Amino acid sequence: MGQDSSRAPLREFRDRDLALKASSAIRKAAAGLQGPVKIMDFCGTHEWTITHYGLRSLMPDNVELVAGPGCPVCVTPGYYVEAAVRLAMDGIRIFTYGDSYRLQGPPETDLPKSLEEARSRGGRVEVVYSVLDAVRMAREDGEESVFLAVGFETTAPATLAPIRAGDAPDNLRFINVHRLTPPITRYVLETHPEAPIRGIIAPGHVSAITGAKAWAFIPEEYGIPTVVAGFEPIDVLLAILEILRQVREGKARLVNEYSRVVSWDGNLEAQRLMGETCDVVDAGWRGIGFVPASGLAFKGEFRRYDALEAYGIPELTPEAWERDLPPGCRCAEVTLGMARPTDCPMFLRACTPESPYGPCMVSSEGTCAIWAKFGGGGLAEEVGRELGVI
Amino acid sequence: MCLGIPGIVVEVKGRMAVVDFGGVRREVDATLERVSPGDHVIVHAGMIISKLSPKEAEETIRVWRELIEAISSGEELGSAR
């Protein structure tokens, strides 16, 4: 990593001295604040940074970091997984990202539970790194294919660019499960006022697309300090420090700590691309509910790429939506920052990364999978020590 | 899922660009940004989602260092409310 010039501008964001100073400043800023000061990291990648670098163990006792709904795989309704599995078993080739490959569909069905299982039972499933791989393969062999397109604003443009450009062939269609993050954040703040969140670390790479401005509503309407942050350990520490300073002052502002990547307006071309190809629609979030204006659906001429429409599979409606989690699974509360993975009786017993039971254990960005890998407490501290941040 | 990998553009080919990730090169979608060789970029799921400004990175660190120093010396924080 040291000689890698592509990371050179980021070296200081892992600087040990600065991390120590930031964590001591965090302690000073938190001193005297009435706890718990609950800070939500929206994004699975932030949760990874926090857990991987042991940042939780650097927090003073009155500061609690909770994970939010920022794992797109975890919130993808099982209904769409089931649809993809069914198509795979009917001989249609399914493309998917590695993360969604192992995601389980609804518990009570005779079908294979996941695309992984579908493949082992003779279904046609290909894991790809990028939609471009799917486009290339579908063009080359002309076979009937469907891409299970999961992801937030960060990922949607990658799916939509080859569609708008006319590069995606007609034999490749899409199950469009892209989801929008500001609406779910609003939903979290509206539905769970009993667990007040006093600061939000807004997702950096979503914000590269939406712009920092997408989060202005949080301080304005909810009075909660909000910081758009990058993904290096120093980025996250600085975001926490800034939130604590604001809590201390009794103020709420939006601060963009990740200005090296994120602008106020975001990527206008990406926003145009989403607007030209899709309508914003109400959409289902696994374990959470049907959230207003939180999903993308193909519109106009681009509807010909809609796999559900092409194969006569009805779209998921609020009436048909179910909670959609296996019995006993507490993913919904974990996703909403209301429970920790260790609060769930299944965690590391009936539900492990090797054999995931609930959706939060599947993706490498699922809160439960991250905690299983690095530990939420003791282990994290060890890692933190190893990296010299404690 | 929203993991972004930093890289440097080495070649632009129409709507696509070749990006070097510390020695590994990959062709990625450059629809969203007008890029030139030498640009630092963030790549997610095979697409450049943003340029990365090394100058802004330095500036961020400089400003925060100052703030942290100020907090350490007790200048910056008032009493808790």
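Residues and elements named next belong to chain A. All chains considered together, the criterion is met by 32 salt bridges over all chains. Notably, a salt bridge pairs Glu269 with Arg164, separated by 2.6 Å at the nearest N-O pair. Of the two residues, Glu269 sits in helix H12 (residues 268-277) while Arg164 sits in helix H7 (residues 156-164), which places them 105 residues apart along the sequence. Notably, a salt bridge pairs Asp235 with Arg260, separated by 2.7 Å at the nearest N-O pair. Here Arg260 lies in the loop between strand E9 (254-256) and H12 and Asp235 lies in helix H11 (residues 233-249), a separation of 25 residues in the sequence. Here Asp235 matches Arg260 in class, with each residue buried. Each of Glu242, Arg245, Glu249, Lys251 and Arg253 takes part in salt bridges that share partners, so that together they form one network.

Further remarks concern the packing of H7(A) against H12(A). All names here are of chain A. The N-to-C vectors of H7 and H12 enclose an angle of 65 degrees; their axes lie 9 Å apart at closest approach. Once H7 is placed against H12, the crossing between them reads as left-handed. Every residue of H12 that contacts H7 at Ala156, Pro157, Leu160, Ala161 and Arg164 is listed here: Glu269, Ala270, Arg272, Leu273, Met274, Glu276 and Thr277. Taken together, the residues that form the contact of H7 with H12 break down as 7 nonpolar, 1 polar and 4 charged.

Bringing the sheet that holds strand E4 (residues 125-127) of chain A into the picture now. All names here are of chain A. The strand order across the open sheet formed by 4 strands is E4-E3-E5-E6, and the pairing between neighbours is parallel. This sheet does not close on itself; its edge strands, each paired only once, are E4 and strand E6 (172-178). On average, adjacent strands in this sheet sit at an angle of 20 degrees to one another, irrespective of strand direction. The pairing of strand E3 (residues 93-96) with strand E5 (residues 145-151) spans 4 bridges and is classified as parallel. By the bridge assignment, Thr96 is partnered in E5 with Leu148. Its contacts with the sheet put helix H3 (residues 78-89) on E3, E4, E5 and E6, and the angle it makes with E6 is roughly 165 degrees.

Here the focus is the sheet that holds strand E7 (residues 199-202) of chain A. Residues and elements named next belong to chain A. With parallel pairing, the 5 strands of this open sheet are ordered in space as E2-E1-E7-E8-E9. Edge positions in the open sheet fall to strand E2 (63-70) and E9, since each of these has one partner strand only. Adjacent strand axes in the sheet meet at a mean angle of 20 degrees, parallel and antiparallel pairs treated alike. Bridging between strand E1 (residues 37-43) and E2 involves 6 bridges; their strand directions are parallel. Within E2, the position partnered with Val37 by the bridge is Val63. Along the sheet, helix H8 (residues 181-191) makes contact with E1, E2 and E7, crossing E1 at roughly 155 degrees.

What counts, and at which threshold
Residues numbered from 1 in each chain as written. Chains lettered and ligands numbered in written order. Predicted model: local features only at pLDDT ≥ 70, side-chain atom pairs only at ≥ 80, totals over all residues. Heavy atoms only, no water. Salt bridge = Lys/Arg side-chain N within 4 Å of Asp/Glu carboxyl O. Helix = DSSP H or I, 4+ residues; strand = E, 2+ residues; numbered from the N terminus. Buried < 20%, exposed > 50% of the residue type's maximum accessible area, 1.4 Å probe, protein only. Axes fitted to C-alpha atoms, helices over the stretch in contact; angles between N-to-C directions. Left-handed = near helix turned anticlockwise from the far one by under 90°. Contact = heavy atoms within 4.5 Å. Nonpolar A, V, L, I, M, F, W, Y, C, P; charged D, E, K, R; others polar. Pairing = 2+ DSSP bridges.

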